[in-house]
Each structure stands twice: as C-alpha cells, then as structure tokens.
Amino acid sequence: MIWDEDFETLPREALEDLQLKRLRATTERVYATVPFYKNKFDEAGIRPQDIKSLIDLKHLPFTTKIDLRDNYPFGLFAVPMEQVVRIHASSGTTGKQTVVGYTRRDINTWAELMARSLAAAGAQKNDMIHNAYGYGLFTGGLGVHYGAEKLGASVIPISGGNSKRQIIIMQDFGSTVLTCTPSYALFLAETSEEMGVDIKKMKLKVGIFGAEPWSERMRDEIEHKLNIDAIDIYGLSEVMGPGVSIECIEAKRGLHIFEDHFIPEIINPQTGEVLPHGEKGELVFTTITKEAFPLIRYRTRDISVLYRQPCKCSRTHVRMERVSGRSDDMLIIRGVNVFPSQIESVLMNVAGVEPHYLLVVDRQGTLDTLEVQVEVNQKGFSDEVKDFQMLGRRIEKDIKDLLGVTAVVRMVEPKTIQRSEGKAQRVIDKRKI
Ligand SMILES: [Zn+2]
C-alpha cells in the first residue's frame, strides 16, 4: 500500500521543482537563523540566492559530525527553544552526544514518513505492531511509535530487553509486525526456541529492521527462522531518525528515499566530489522540510549507491542500495554507535593505563560482543594483580556508563599491543554479517 500516493509517485520533474523550492527556502532560513551556516556559506562565497537549480547544491559546504560536536548541544537549532517540542541524541565521536531537536511540525512530518515506511513494508491499520526498538534518547522507539499510530495500527511499545516476555506478548497479543534490529530478531527466534515456542506459527508476517548493517544472507536467515518478510529501513537521528528510506515489500530491492523531504547525494569520501547515480560512495543528505534542525549536505559516512530505475511498486523516489560499510571507523554494536575515539577518551581518564588499546568485535550466536584490550603502563603493572582486575572492572563500568555498551575489558602487559607507523589498527571486527 502507498500511504501518500500524491507525493510518493510524483513525476520526476514535479518532484525536482518541489525539491528546488524547498531547498531554497531551507538555505535562506539557515543563513538567516544559524550563525554556523552563515559563516560556512560566507567562507565558501555562496549566498542562498545563488541556488538557481538543484545542480547548485554541490556548491554548498558539507556539514559533518565534528560540526555537530563543535556546536553541542543546541548551536545548530534554527528555531528558538520555545518552538522545540522534542529532543533526541545519539553517540558522538567523543564523549559528547549528538543532539537534535524537533518542532511540532517536524514530529508530524516524521510520523508521516514513518507511516509511509510502515505502509511500504506492508503494514496496515489492522496490524499489531510489536515495537522492540529502544524508547528514549535513541530515535528508533518513538520514531516507529508515532508512525504506527499515524498509520492507525495498534502499537505495542515493548521497547528492547526482557526477551522471554517479548515472546509471550507476541504470542498472546497476536503481533503481526515486528520492529527491532535484525540481530535482535534472530535473538528472539533463539529465545522462542529455548522456550519451546514455535515462532513460525505466530501471526507475525513482516519485520522492519534497521539501526545496524545487515546482509542478504541475514535476511534469508531471518525470513526462514521467523517465517516473515524482512524489510530494511534506514535513518539516522541527525537527519530525522528512522524513516529516511525503506524498501518496498513489492521489490525488496533498494530503499526508497523520501525525496520530497531529503535530497540525497553520493560523493567520493576522499575528494568530496559528487558521483553520478550508480556509483558507490558516501551518502550525503540535505533536509528540505525540517524546522528545528535542518542540515545542509550532511556527510553520513555510510557507503551506498543511488539508482533511479523505475520500481514495480510505482513509487518514483530514488532508491539507495543497502548500506555496505562506513567511510569512518564507527562500529555498531548491538545497535549502539561506538567510535574507537570514545573508548580512547574513557582510557585517557584512567590512571595506570596507556592509550594503546584494541577493540575486538565478534558475534556469539546472534549477539555482538566487544572486548577491549587495554595496555597497563609499567607503574600499573608493578601493582597487585587484584588491582589489575579492579581496574578492568572500573573501565568496563565507565564504558557502560558513558557509551551505553557492554564491554569485556582485558588488561594486557606493557608494550604488547602492536604499534604501527601509520594509522594504528584499533579494531578487529570478526563478525560475519
Ligand atoms: Zn519500490
């Protein structure tokens, strides 16, 4: 089903006219209201009135995660705080969170786009949506929640965790749509098996999975183990949250980006040059309807490809290929964004350890594991072994408190972590996704 036929099937020419109009309005507004953008535009020697066509977008400066950090917490908001009705946040590159805000209209737009997304995945009014995305600062839970209500479906705001209870509720309430990370879907399948419950016989018909990278192989596994259609959804809190793009159930191939709200580009991550459709590179988004937190050419660091071939669902919006990696070193561990630099800033505050560390990421069963190998310095090494272990527990607690991710810390002897001449290898990712 197409939730918003008028906009989702808009002919290309009309769509581009609308994008240009909205882009011009957005650039004029950010130039007038956000000093950061005014300075950036001035430095680049471009004014909002220079945007004569969509081609001119490439002359605008990029916005990066570092810019968001430098303007922490509210420096990039384009409306006064009394117009902001919601705040969300996600992990930044260091200890500080990336903070985003929404006006009442932004929340409504988000709900509309999530209703579109759920409908594209085959959900309808009479569905029971089992929403196991986390509720809180993370955009997943509330993003799906408002969209499900807008669609008119019944939403179960179960959030993450307590997996046995998830299975019981799924069975007793007759959940038909499951929303969570793809790895959690597999974990739920395992849990039901342990409980002696046949999840395949439940009423579940479709799952909408995102917030971490996955593959076709994993799709097959989920579809087989849960006896459902597994649909990929994409979004990031900076741009809005979930619902920036989604696969349609008709094709299950490529995610339609809601182009009447976001203009996507693919760039060469090294040079910043815009690449033609069909070429692989870094995804960049410009928001063209957001009020509180508009973004101009935001570099997502996600690697993808855009393509415009017509789709059998009749939506006209461009499709992006499933994200295949990152152009930076961000890791996603159990749905939580983790930068090695964040771990480093935790270690910097601990006496007795060196800033030499190695992150080993693996997957046991369906869940990600993180081991942090930390090198003690000579002074730390001469202390008692008991203190050694206490130090490890303390670092584990700091990582949990600051990053929200569970890690096992392994203390290693001085000078055992390999040094490198160039960029240090900080991560070994053994997961086969
Ligand atoms: Zn389609």
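Residues numbered from 1 in each chain as written. Predicted model: local features only at pLDDT ≥ 70, side-chain atom pairs only at ≥ 80, totals over all residues. Heavy atoms only, no water.

Novice: What should I look at first to understand a nonpolar patch on the surface in this one?
Specialist: Taken together, Phe74, Met81 and Ile87 make up a surface patch of nonpolar side chains, about 250 Å² in accessible area. Tracing the backbone shows Ile87 in strand 1 (residues 84-91). (Patch = residues over 30% accessible without salt bridge, like charges linked within 9 Å, V, L, I, M, F, W, Y side chains within 5 Å. Areas by Shrake-Rupley, 256 points an atom, 1.4 Å probe, with all protein chains shown as cover. Salt bridge = Lys/Arg side-chain N within 4 Å of Asp/Glu carboxyl O. Helix = DSSP H or I, 4+ residues; strand = E, 2+ residues; numbered from the N terminus.)

Novice: Looking at this model, I keep getting lost on the side chain of Glu375. Mind explaining?
Specialist: Relative to the helices and strands, Glu375 resides in strand 19 (residues 367-376). Side-chain polar atoms of Glu375 contact the backbone nitrogen of Lys415, separated by 2.9 Å. Within the local environment of Glu375, its side chain forms a polar contact with the backbone nitrogen of Ile417, the two atoms lying 3.0 Å apart. Those residues in contact with Glu375 that sit more than four places away from it in its chain are Val353, Glu354, His356, Val412, Glu413, Pro414, Lys415, Thr416, Ile417 and Arg419. (Polar contact = N/O pair within 3.5 Å; in protein donor to acceptor, adjacent residues only side chain to side chain. Contact = heavy atoms within 4.5 Å.)

Novice: I keep staring at the domain arrangement of the chain and nothing clicks. Help me out?
Specialist: The parts lose accessible area when they come together, and the size of an interface is often stated as this lost area. Segmenting the chain into domains produces domain 1 (1-327) and domain 2 (331-429). The gap between the C-alpha centroids of domain 1 and domain 2 is 31 Å. Across the contact, 16 residues belong to domain 1 and 13 residues belong to domain 2. When domain 1 packs against domain 2, the two sides together hide about 1,200 Å² of surface, and 54% of this comes from carbon and sulfur. Along the contact surface separating domain 1 from domain 2 lie zero salt bridges. Connecting domain 1 to domain 2 are one residue pair in polar contact (both at pLDDT 80 or more). Here the side of domain 1 that touches domain 2 takes four residues from helix 8 (residues 182-195), the largest share from any one element. Tallied by class, residues from the side of domain 1 that touches domain 2 come to five nonpolar, seven polar and four charged. (Domains from an automatic or database assignment. Buried area = accessible area lost by both parts, 1.4 Å probe. Nonpolar A, V, L, I, M, F, W, Y, C, P; charged D, E, K, R; others polar.)

Novice: How should I be thinking about the coordination of the zinc ion in this particular structure?
Specialist: Ideal donor angles around a metal are set by the shape: a four-donor tetrahedron calls for 109.5 degrees, a six-donor octahedron for 90 or 180 degrees. Within the protein, Cys248 (SG), His256 (NE2), Cys311 (SG) and Cys313 (SG) serve as the donor atoms for the zinc ion, at 2.1 to 2.3 Å. Within one chain, the residues donating to the zinc ion are spaced in sequence as C-x7-H-x54-C-x1-C. Placement of the pair is Cys248 in the loop between strand 8 (241-247) and strand 9 (255-257) and Cys313 in the loop between strand 13 (306-307) and strand 14 (319-320), with a sequence separation of 65 residues. (Donors = N, O, S within 2.8 Å, 3.2 Å for Na, K, Ca; no water.)

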